[in-house]
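Spelled out, the chains give:
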Amino acid sequence: MEILHVSAECYPVAKVGGLADVVGALPKYQHDEGHVAKVVMPAYRNKFLSENSFELVHQAGMWLGHDWYHFNVLKETENVLGFDLYLVDIPGLLDKEGVYGHYNDTERFLGFQVAVCDWVNEWQHQPDVMHCHDHHTGMIPFLLKYGYKYSRLATTPTVLTIHNAQYQGQFGWDKLYLLPSFDLWKVGMLDWNGAINPLAAAIKCAWRVTTVSPSYMQELLSNANGLEALLNYEVGKTSGILNGIDTKVWDPSSDPMLDVNYTATTVEKGKKETKLRLCEKFNLDPALPLIIFIGRLVDDKGADLLPEIIGRSLHETGNKVSFLVLGSGDKHIEWRLEQTRNFAPSGLALYIGYNEALAHQLYAGADFLLMPSRVEPCGLNQMYALRYGTIPMVRVTGGLKDTVIDYGDKGGFGIRFVHASIWDTCHAVRRALELFENRTTFNRIRKTILKLDHSWNKSAQEYIDLYTSLKS
Ligand code: ADP
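Anyway, here's the lowdown on the structure attached to this text. (Residues numbered from 1 in each chain as written. Predicted model: local features only at pLDDT ≥ 70, side-chain atom pairs only at ≥ 80, totals over all residues. Heavy atoms only, no water.)

Examining the sheet that holds strand β5 (residues 84-89)
Going by this rule: A strand pair is defined by DSSP finding two or more bridges across the two strands. By the criteria applied, helices consist of DSSP H or I runs no shorter than four residues and strands consist of E runs no shorter than two, each listed in order from the N terminus. Orientation is described by axes fitted as lines to C-alpha atoms, over the contacting stretch for helices, and by angles from 0 to 180 degrees between their N-to-C directions. Residues are treated as being in contact if the distance between any of their heavy atoms lies within 4.5 Å.
Strand order in the open sheet made by the nine strands is β3-β4-β5-β2-β1-β6-β7-β10-β11, with mixed pairing throughout. Only two strands of the sheet have a single partner each, and these edge strands are β3 (54-64) and β11 (238-240). With direction set aside, neighbouring strand axes in the sheet form an average angle of 20°. Strands in contact with helix α1 (residues 18-32) are β1 (2-6), β2 (36-42) and β6 (129-133); relative to β2, the strand with the most contacts, it is inclined by about 155°.

Side note on the site of the ligand
We apply this condition: Being near a molecule or strand, for a residue, comes down to having at least one heavy atom within 4 Å of it. We call two N or O atoms a polar contact when they sit within 3.5 Å, provided that within protein one can donate a hydrogen and the other can accept it, with sequence-adjacent residues counted only if both atoms are side-chain atoms. Only the protein chains shown count as covering a residue, and every accessible area follows the Shrake-Rupley method with a 1.4 Å probe. Bear in mind that the domain bounds are from an automatic or database domain assignment.
Close to the ligand lie 20 residues, the nearest being Lys15, Gly18, Asp21, Arg296 and Gly353. Between the ligand and Lys15, the relevant distance is 2.8 Å, taken from an oxygen atom to a side-chain nitrogen or oxygen of the residue. Burial of the ligand by the protein amounts to 92% of the accessible area it has alone, namely 570 Å². Taken domain by domain, the shell around the ligand gets at least three of its residues from each of domain 1 (2-244 + 457-471) and domain 2 (267-450).

Remarks on the nonpolar core
Selection rule: For the purposes of this section, nonpolar cores are sets of buried Ala, Val, Leu, Ile, Met, Phe, Trp, Tyr and Cys residues that join through side-chain atoms within 4.5 Å. Relative accessibility thresholds used throughout: buried, under 20% of the residue-type maximum; exposed, over 50%; partly exposed, between the two (1.4 Å probe, protein chains only).
Core analysis: the biggest nonpolar cluster contains 70 residues, and Ile292, Val325, Tyr363, Phe368 and Met393 have the highest contact counts within it. In terms of residue count, helix α14 (residues 422-437) provides more of this core than any other element does, seven residues in total. Ignoring any residue separated from it by four or fewer positions in sequence, one finds Val325 in contact with Phe293, Leu297, Leu306, Ile310, Leu337, Leu348, Ala349, Leu350 and Tyr351.

Re the side chain of Asn121
Among the secondary structure elements, Asn121 is positioned in helix α3 (residues 105-121). Exposure remark for Asn121: the relative accessible area of 14% places this residue in the buried category. Setting aside its immediate chain neighbours within four residues, Asn121 contacts Lys149, Tyr150, Arg152 and Leu153.

Here it is, written out as structure tokens:
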């Protein structure tokens, strides 16, 4: 089977969050299962582009409204990712380093999608499925179905995976002229709440819609940032497939980003050594339980609660825990965290920014990972933490609900709490301290979680089954 994944991110080419990890891993597993899995994404002007070799496989031009753009499709030649990688280069439009946050993101991603459709339209054959990820690729199912120039692709099955329904990419009707001509009777397919909404259009037009965990799918039916009614209407074609993790990249026994590697038998020594190094670097007491937070500093992740959670927990436990926060995002949250750190420098260390290697070291060196998320479609951090023997403390929502069992329950290994509130999270911190002090249980849990299997094997097959069901 030939699968073409279309995405704005793919690890290690360009990563902002979990989307990249998924698109960097799922095709690899599909490829290993004997399928032809390809990824096409924008050619950002980044390190990956300059450090790898590419061949030009397609050259063409396209109209985006009144503007004409030349574009190239480049293929990575050394198969460094373990599957075929194609980059769409559009000089004058898609030639910046950053992934998101440009003033013309609507035009950039529309241009990318039109170029992808134009390119696939030129293939001698059709892919068995086009798998679109998030709203940046959400116009593709619509264009293939109703765009006049893509009529030969109208029977190509499309799958949309919603990695996060909070972001929908809406833009005004004044930009309708940017789209290639399509059957105007179908213009309503683009509409949601008076705007062109790429995520809504994809939910309407894709053959199947998946989300990244079964619980998130259920939650979206009552809370999808305005798309609840649409998802309820289309529920028959939706399903939740839990993300996996790339256990080859995330492996404490061989991770090149760690100074000390370890296995289930050497976990205590390996984690202790890594924690010592971290505590030395960040000036924390290694005798105390180390609780980390890694992620975007935004309200959805519960990051706005962190300053109070940290302040109150230090007070309640008599400074018997330490926190390390790695992330960036909302400037006000960053500022409040800095204030908390200045107030309690021995209890909180901060790294404001993005640092992949440090993230690996934190998963390895920490005792607990805190995720007080309000919204967590799947969440990969808790699975990375488990893989590295770090106990997750999670608010039960989305994928966190599907992947973490409380250690008080049968077969449990983590700490769960119900509300994304300061009260509930501080209670979880007190439970973490209690668990840390009970060394026998703590060490037993550590050994258990290292052996849990969160690899893509099962979920990659679920996607294959889904694609197969679309073949007539
Ligand atoms: P998101 O909603 O951001 O996609 P996920 O849990 O799905 O959340 O994925 C987050 C990914 O991004 C993980 O691989 C995590 O380690 C990584 N990450 C997030 N913030 C940072 C950061 N500041 N530095 C390094 N890695 C980060």
